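Breakdown of the fold
Letter by letter, the chains look like this.
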Amino acid sequence: MIDPQFERKASDVLHGLIFDFLLVTDGRTTDLLEMLLNEKIIVHVIRQEQIGGEDANLMGESSGAPYYIRESVLIGEKSRFVMSHNIALVYSKHVPPDLFEKIAHRQEGIGKAISSLGMRTFRKVADSGFMNEAETVDLFQRPIKIHFPNLQNKVPYKRYFIYFGRNPGIQMLEYFHPSIIRHRLQQEMTKEQSNKEE
């Protein structure tokens with residue numbers, strides 16, 4: 001019989017490795033989350049609006065095409081588990097028009113929209129790590145309430161830029177539910193148990 005302490009340690013190491021990868025990858029986060037949870041992800045847009053001049057000035061460039069802010073959560077289609085809470089700042093001047101139109105329709109994640117259009121991008125991770133729920137902020141360093149119920153651990157996050165040319169067109173801040181791995185393990189254990197009972 002396997003020692004429960006060993007199992008717990010193995011689970012913690014696996015959890016750490018997966019989050020290490022999730023926080024540094026410059027690939028499409030949605031694909032990785034779908035693979036981790038073994039289910040399709042749906043996007044729920046909480047808000048999407050053009051930002052005012054004061055906030056645009058904070059970003060360092062207020063002239064030209066406008067900035068839009070989009071706040072959304074990614075949810076497992078079957079489990080309804082909220083995997084990530086995302087904030088995107090879209091600078092329309094540096095985003096291809098076809099993509100901007102897809103983003104405006106709110107029907108899919110930004111990464112999925114980029115992929116479906118076959119666009120070449122470069123992503124640069126600017127910051128990542130873990131923080132307490134009380135420390136979570138938006139891209140303007142204002143406190144936000146992330147949509148994860150019953151948080152008991154620090155929240156993993158990643159902030160990065162998506163380039164479509166020389167200048168970044170989108171800045172993304174993604175907060176990940178700290179129990180993603182445990183949720184998947186629980187799903188597998190439940191499935192295994194129900195198979196035994198059949």
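Residues numbered from 1 in each chain as written. Predicted model: local features only at pLDDT ≥ 70, side-chain atom pairs only at ≥ 80, totals over all residues. Heavy atoms only, no water.

An unreviewed UniProt entry lists the protein chain under the name Chorismate-pyruvate lyase, with Peribacillus huizhouensis given as the organism.

**Overview of helix α2 (residues 29-37)**
Of all 9 residues in α2, 7 are buried, a share of seventy percent or more. N38, located one to two residues past α2, shows a positive phi value of around 55 degrees. (Buried < 20%, exposed > 50% of the residue type's maximum accessible area, 1.4 Å probe, protein only. Helix = DSSP H or I, 4+ residues; strand = E, 2+ residues; numbered from the N terminus.)

**Let's talk about the pairing of strand β5 (residues 155-163)**
A large share of β5 lies buried, amounting to 7 of its 9 residues. As paired strands, strand β4 (residues 122-131) and β5 are joined by 9 bridges and run antiparallel to one another. What sits directly across from S128, in β5, is K158. Pairing geometry for β5 and strand β6 (residues 168-176), over 7 bridges, is antiparallel. In the sheet register, Y163 faces β6, and the bridge partner there is P168. (Pairing = 2+ DSSP bridges.)

**As for the sheet that holds strand β1 (residues 41-50)**
With antiparallel pairing, the 6 strands of this open sheet are ordered in space as β1-β2-β3-β6-β5-β4. Single-partner strands in this sheet number two, and they are β1 and β4. Strand-to-strand, the axes of this sheet are offset by a mean angle of 15 degrees, without reference to chain direction. Here 7 bridges tie strand β3 (residues 82-91) to β6, and the two strands are oriented antiparallel to one another. (Axes fitted to C-alpha atoms, helices over the stretch in contact; angles between N-to-C directions.)

**A look at the packing of aromatic side chains**
Using the criterion set out here, one finds 4 aromatic pairs in the structure. Ring centres of F122 and Y163 lie 5.5 Å apart, and the angle between their planes is 50 degrees; this geometry places the pair in the tilted category. Placement of F122 in strand β4 and of Y163 in strand β5 is noted, with a sequence separation of 41 residues between them. The exposure class of Y163 is buried, given its relative accessible area of 16%. Taken together, a centroid distance of 6.2 Å and an interplanar angle of 45 degrees make the contact between Y157 and Y175 tilted. One end of the pair, Y157, is in strand β5; the other, Y175, is in strand β6, with 18 residues separating them in the sequence. For the pair formed by Y157 and Y175, the shared burial category is buried. (Phe/Tyr/Trp six-rings, centres within 6.5 Å; stacked < 30°, edge-to-face > 60°.)

**Some remarks on the pattern of salt bridges**
Evaluated as defined, the whole model comprises 4 salt bridges. Salt-bridge contacts for E71 lead to R47; the nearest nitrogen and oxygen are separated by 3.0 Å. Linking E71 in strand β2 (residues 67-76) with R47 in strand β1, this pair joins segments that are 24 residues apart in sequence. In this structure, E133 engages K145 in a salt bridge whose closest nitrogen and oxygen atoms are separated by 2.8 Å. (Salt bridge = Lys/Arg side-chain N within 4 Å of Asp/Glu carboxyl O.)

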